[in-house]
Amino acid sequence: MSFASKANSNPYSHTVKLPKTDFPLRANAAVREKQFRERCTDKLYEWQLKNNPGPQFILHDGPPYANGDLHIGHFMNKVLKDIINRYQVMQGKRVVYRPGFDGHGLPIEQKALESLKDQDSLDPMEIRKLARKFALKAVARQTKSFKDYAIMGEWTRPYLTLDPEYEANQLQIFKTMVSKGYIYRQNKPVYWSPSSRTALAEAELEYNEEHTSTSVYVKMALTADSVARLGAIGNVSALIWTTTPWTLPANKAIAVHPDLQYALVKVTQVLESKAEYQLLVGTDRLEAITALLPEGSSVQILNTFSGDKLEGLGYTSAISGEECRILLANYVTGDSGTGLVHSAPGHGQEDYEFGLANGIDIYSPVDDYGRFTSDVRDELVGKEVLGEGARAVVKLLEDKQLLLHQHKFTHSYPYDWRTKLPIIQRATPQWFANVGSLKESARRSLQDVMIVPEAGRRRLESFVMGRSEWCISRQRVWGVPIPVFYNATSGEPLMTTESIEHVIEKIRTNGGSDAWWTLPVEELLAPKYRADGNTYVKGTDTMDVWFDSGSSWKTLEDIADSKDGAYADVYLEGSDQHRGWFQSSLLTSNAVRGLAPYKVLLTHGFTLDEHRRKMSKSIGNTLVPSTVIEGGKDKKKEPAYGVDLLRLVVGSTDYTHDVSFGPPVFAQFSDTLRKIRSTMRFMLGTLDGFTANMAVPYEQMSSIDRYILHELYHFKQKARAAFDKYEFFRAMQATNNFTNSELSAFYFDISKDCLYVDGQHDMQRRSTQTALFHILLNYTTTLAPITCHLAEEVWEFFSTTRRELGKTGDSVFQEAWDQTQSKWNDPELAEEWAALRKIRSVANRAIEASRAARQIGSSLESELTIAVALGSRLGKLLNKHGNELRKVCITSQVTVCDADEVPSDGFKCEDFITAFGETTHVQAVSCRSSLYKCPRCWNFHSTQQDTLCCRCRNVVNHLEAQ
């Protein structure tokens with residue numbers, strides 16, 4: 001249709017070539033996008049693998065949990081990957097993108113069982129069947145949603161961590177790590193989730209900044225001989241401080257620093273409850289401890305000792321009554337507490353290492369549910385250590401008059417990221433990967449990796465270098481088994497490369513890891529161990545899901561063209577994966593191959609609402625992508641924006657920071673998308689009827705058209721640099737700047753006169769159409785990776801013209817992303833036009849002054865005189881472009897005169913313009929034209945009222961003669 005809204009009475013209106021296209025200004029995206037979906041996803045993926053000539057490009061997908069429906073964070077993650085893949089397709093590369101799904105682990109097990117009342121009565125295979133069924137349903141739902149987001153990939157063959165072949169490959173990695181001595185078993189404290197009843201890795205923790213704990217100061221009575229060693233008389237107690245009173249039943253020692261000073265003090269209470277007692281405390285902490293005593297209490301220092309003099313003193317542990325020792329430790333400080341540190345080696349890493357160094361038993365009287373076992377006092381048995389149990393410990397201390405002080409305080413505390421409940425540290429026999437022997441290799445391998453943003457390198461390195469081990473065993477059944485057998489008599493583990501290889505073969509040939517639960521021990525045992533005179537039982541632990549997903553690089557082993565370096569070109573996930581998938585993949589790959597599995601590591605932030613708040617169900621600010629795309633029940637409140645709008649939000653935002661989504665954001669980008677569509681619609685309309693034989697060779701194009709191609713070339717270079725650096729938002733910034741500054745505000749304005757009014761085959765009109773063809777082509781390919789449906793829609797409406805000019809691909813993605821030519825880069829021409837645009841600015845001010853005085857209405861009513869030193873370079877430039885000046889200034893006539901010939905009449909504006917290395921004084925004078933308005937072109941070029949100007953008369957005569 002024509003851009004003219006209706007015909008008017010002007011007899012020449014039918015001779016004017018207004019833009020003509022059926023391309024709609026309003027997208028109706030929720031409906032129209034589906035018409036182009038298959039072309040730019042499934043069909044395109046197959047086509048590019050078969051037809052693209054370039055090298056292979058692999059973006060390896062981090063598997064999302066198959067435990068529910070998708071949210072806006074999933075959308076952002078997958079669209080970022082899709083933008084990269086589409087750009088690489090248009091670089092001629094063969095893109096391999098095999099989506100992944102994490103199908104094991106506690107989140108899925110919990111979701112699968114949450115509706116069952118008697119979960120504990122289920123046997124392992126019943127749980128596994130329910131979990132598998134739930135995971136596969138979630139995979140199907142998520143796959144449909146991802147395809148609705150126009151994510152191009154191998155959706156018919158995703159990788160699933162629950163597939164038998166994947167499980168076998170994972171166990172191959174595990175076997176290699178066992179053979180190299182990286183895997184070991186130890187009874188030591190681990191992060192334990194009572195709510196999930198399993199050990200956790202650091203990556204499975206989140207920190208609650210509002211957790212409340214009880215801090216206690218506890219007296220531990222020294223033995224009589226220890227009191228005598230201090231030269232004291234009467235009872236003396238070592239004063240300890242802890243924020244975990246529930247660990248006191250497991251107290252095995254008190255640690256002091258050999259170089260700190262300690263004081264034997266006498267405390268006298270005279271007001272609340274008269275009492276007198278002696279304490280052993282750190283001298284540096286004496287003032288703080290005194291402040292905790294009842295009002296009126298006095299403290300007298302009886303003696304002081306260095307910490308090394310306290311080594312070996314005996315004391316009675318407050319809860320267990322066991323006699324323990326004071327020992328030396330360099331980790332003790334005088335900055336907090338009492339300077340004497342309660343040590344429970346079964347409940348903390350530092351305490352554990354201290355216990356090992358001093359030959360102390362690793363004791364943890366807490367069960368899988370986080371309750372005290374029968375090893376402790378009767379008053380505590382069965383009580384939850386994080387609740388009633390801790391309170392019962394404090395009550396015991398009060399009853400025994402061993403509690404000096406208690407108070408509650410709020411602090412950061414680790415929680416299970418799945419159940420959102422607090423965890424504990426608890427010693428249990430677990431399997432570990434020795435990160436200490438891997439981390440230096442891992443750190444070195446990162447030197448060859450491009451990391452965006454660069455701050456991610458420091459973050460990932462700090463996580464890797466800050467740990468010595470990785471607890472890989474979990475006490476759940478829905479996962480890949482740790483293929484270990486235990487001697488039924490001694491409990492000794494059996495796990496060798498031969499035993500693991502035999503289990504792998506059984507998993508491959510018996511339907512996956514279910515075989516570990518369904519086959520008898522005899523069949524799972526390698527033949528050489530069946531007749532060694534021992535009886536074995538199968539282990540019940542499964543692997544950490546981070547080991548599952550961290551093994552996913554092995555799926556690329558047979559796919560990647562390069563077998564020597566990193567298999568994947570890009571890994572891209574959220575910043576939380578520095579602790580998770582990025583790290584587990586790095587460690588397993590280094591353990592097996594000695595290098596990082598990725599060449600580029602990209603990190604995106606989290607999704608926030610429009611108020612920059614974290615999205616949360618409790619706040620009610622979560623966003624479901626399908627609601628934004630298809631619209632809600634009330635379309636006025638929740639309009640259907642379509643996929644491309646959401647993709648545009650993602651592509652236009654610096655994703656390395658947190659990204660806001662919400663109605664105001666969508667409304668803003670709706671306007672942006674409408675502006676883009678309007679720009680494309682104008683170009684499509686002006687190219688109506690343009691054919692190959694009308695195209696003008698670059699060398700014969702007008703100066704203004706060659707200049708805009710120069711600007712197009714540099715716009716494309718900026719966008720390319722941005723895409724190459726994965727800074728898509730900078731590409732969109734360049735696009736918006738080019739749209740607004742170069743096209744809408746300049747080139748389109750100037751070009752309308754020749755496009756609408758010149759004869760269809762006039763040289764200038766064809767030159768401008770040639771430029772517009774190149775602009776539309778490159779504009780479309782630039783946007784294609786981000787707004788893929790819009791690009792395909794334009795490609796469809798552009799079909800006749802582009803095929804005429806050799807662009808015959810059925811999809812825009814079958815064309816090269818960069819369609820510019822190096823010869824368009826003309827710095828000298830650009831310098832000239834930069835000067836002319838400065839002249840235009842001065843002229844516009846003169847015209848506006850004339851308009852403000854109501855001497856003229858339209859700028860076309862103005863006759864301009866530009867006075868400048870004609871001998872200057874700027875003056876010579878104006879004479880050179882004399883015929884184009886009226887178009888540049890969008891006025892009917894421009895006269896150039898010398899600086900001293902400036903007219904006295906009219907509205908004058910002057911300025912100093914710097915161009916070509918010199919500054920020149922420029923004056924622009926606007927006055928009303930003495931000629932008449934042409935009824936066809938509206939320029940004031942006619943010598944008589946209501947008569948055509950010379951140009952229009954020639955065009956009309958030519959049309960009438962046809």
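Provided above is the structure to which this section pertains.
What counts, and at which threshold
Residues numbered from 1 in each chain as written. Predicted model: local features only at pLDDT ≥ 70, side-chain atom pairs only at ≥ 80, totals over all residues. Heavy atoms only, no water. Helix = DSSP H or I, 4+ residues; strand = E, 2+ residues; numbered from the N terminus. Rg over C-alpha atoms; globule rule 2.2 N^0.38 Å. Buried < 20%, exposed > 50% of the residue type's maximum accessible area, 1.4 Å probe, protein only. Contact = heavy atoms within 4.5 Å. Areas by Shrake-Rupley, 256 points an atom, 1.4 Å probe, with all protein chains shown as cover. Pairing = 2+ DSSP bridges. Disulfide = S-S within 2.5 Å. Core = buried A, V, L, I, M, F, W, Y, C linked by side-chain atoms within 4.5 Å. Axes fitted to C-alpha atoms, helices over the stretch in contact; angles between N-to-C directions. Parallel < 35°, antiparallel > 145°, perpendicular 65-115°, else oblique. Left-handed = near helix turned anticlockwise from the far one by under 90°. Nonpolar A, V, L, I, M, F, W, Y, C, P; charged D, E, K, R; others polar. Expected span 1.5 Å × (residues − 1). Salt bridge = Lys/Arg side-chain N within 4 Å of Asp/Glu carboxyl O.

Draft legend 1. Expanded view of the overall build of the protein chain. Helix and strand counts for the protein chain stand at 30 helices and 32 strands. Its C-alpha atoms give the protein chain a radius of gyration of 39 Å, clearly above 30 Å, the size a compact globule of 962 residues would have. By its C-alpha atoms, the protein chain is 125 × 75 × 50 Å across when sized along the principal axes. The burial tally for the protein chain puts 57% of its 962 residues in the buried class. Long-range contacts, defined here as pairs at least 24 residues apart, represent 76% of the contacts in the protein chain between residues at least 6 apart. Approximately 40200 Å² of the protein chain is accessible, and the part contributed by carbon and sulfur atoms is 48%.

Draft legend 2. Spatial organisation of unusual backbone geometry. Looking along the chain, the bond that leaves Val452 and enters Pro453 is cis, with omega of -5 degrees. Residue placement: Pro453 occurs in the loop between strand E18 (450–452) and helix H12 (455–465). A positive phi angle is found at Asn28, which is not glycine, with a value near 50 degrees. Examined against the element boundaries, Asn28 turns out to sit in the segment before helix H1 (29–37). Backbone geometry at Arg197 places phi at a positive 55 degrees, although glycine is not the residue there. Inspection of the secondary structure assignment puts Arg197 in the loop between strand E5 (183–193) and strand E6 (198–200). The exposure class of Arg197 is partly exposed, given its relative accessible area of 26%.

Draft legend 3. Layout of the sheet that holds strand E21 (residues 485–487). Reading across from one edge, E22-E21-E23 is the order of the 3 strands in this open sheet, with antiparallel pairing throughout. Of all strands in the sheet, those with a lone pairing partner are strand E22 (493–494) and strand E23 (536–538), marking the two edges. Sheet topology places E21 next to E22; 2 bridges connect them, and they run antiparallel. Directly across from Phe485, in E22, lies its bridge partner Leu494.

Draft legend 4. Molecular detail of the state of the cysteines. Taken as a whole, this structure holds 0 disulfides when the rule is applied. Looking at the unpaired Cys788, the closest cysteine sulfur is the one in Cys40, lying at 4.3 Å. A relative accessible area of 0% means that Cys788 is categorised as buried. Cys949 provides the cysteine sulfur closest to Cys950, a residue in no disulfide bond, and the two sulfurs are 7.2 Å apart.

Draft legend 5. The arrangement of the nonpolar core in detail. Of all hydrophobic cores here, the largest spans 218 residues; its most connected members are Phe174, Tyr598 and Phe661. Counting residues per element, this core draws most heavily on helix H23 (residues 728–757), at 14 residues. Grouped together as the second largest cluster of nonpolar side chains are 53 residues, Val216, Ile254, Leu280 and Val376 included.

Draft legend 6. Spotlight on the packing of H12 against helix H18 (residues 581–593). Contact geometry of H12 with H18 gives a least axis separation of 10 Å together with a crossing angle of 60 degrees. Taken together, the axes of H12 and H18 are oblique relative to one another. The chirality of how H12 crosses H18 is right-handed. Judged by residue contacts, Leu460, Phe463 and Val464 of H12 engage Phe582, Gln583, Leu586 and Leu587 from H18. Of the residues belonging to the contact of H12 with H18, the class tally is 6 nonpolar, 1 polar and no charged.

Draft legend 7. Summary view of helix H24 (residues 763–783). In a regular helix each residue adds 1.5 Å, so 21 residues correspond to 30 Å; H24 covers 30 Å between its end C-alpha atoms and thus fits that length. Counting buried positions along H24 gives 20 out of 21 residues, so the element sits mostly inside the fold.

Draft legend 8. The arrangement of the pattern of salt bridges in detail. Considering all chains together, one arrives at 50 salt bridges under this definition. Between Glu630 and Lys34 there is a salt bridge; the shortest N-O distance is 3.5 Å. Note that Glu630 is positioned in helix H19 (residues 625–630) and Lys34 in helix H1, a separation of 596 residues in sequence. On the accessibility criterion, Glu630 (35% relative accessible area) is partly exposed. A relative accessible area of 48% places Lys34 in the partly exposed class. One salt bridge in this structure joins Asp753 and Arg886, with 3.4 Å as the shortest N-O distance. Highlighted residues: Asp753 in helix H23 and Arg886 in helix H29 (residues 882–889), separated in sequence by 133 residues. Overall, the relative accessible area of 16% leaves Asp753 in the buried class. Since its relative accessible area comes to 16%, Arg886 is described here as buried.

Bear in mind that shape data such as this cannot, by itself, settle questions of function.
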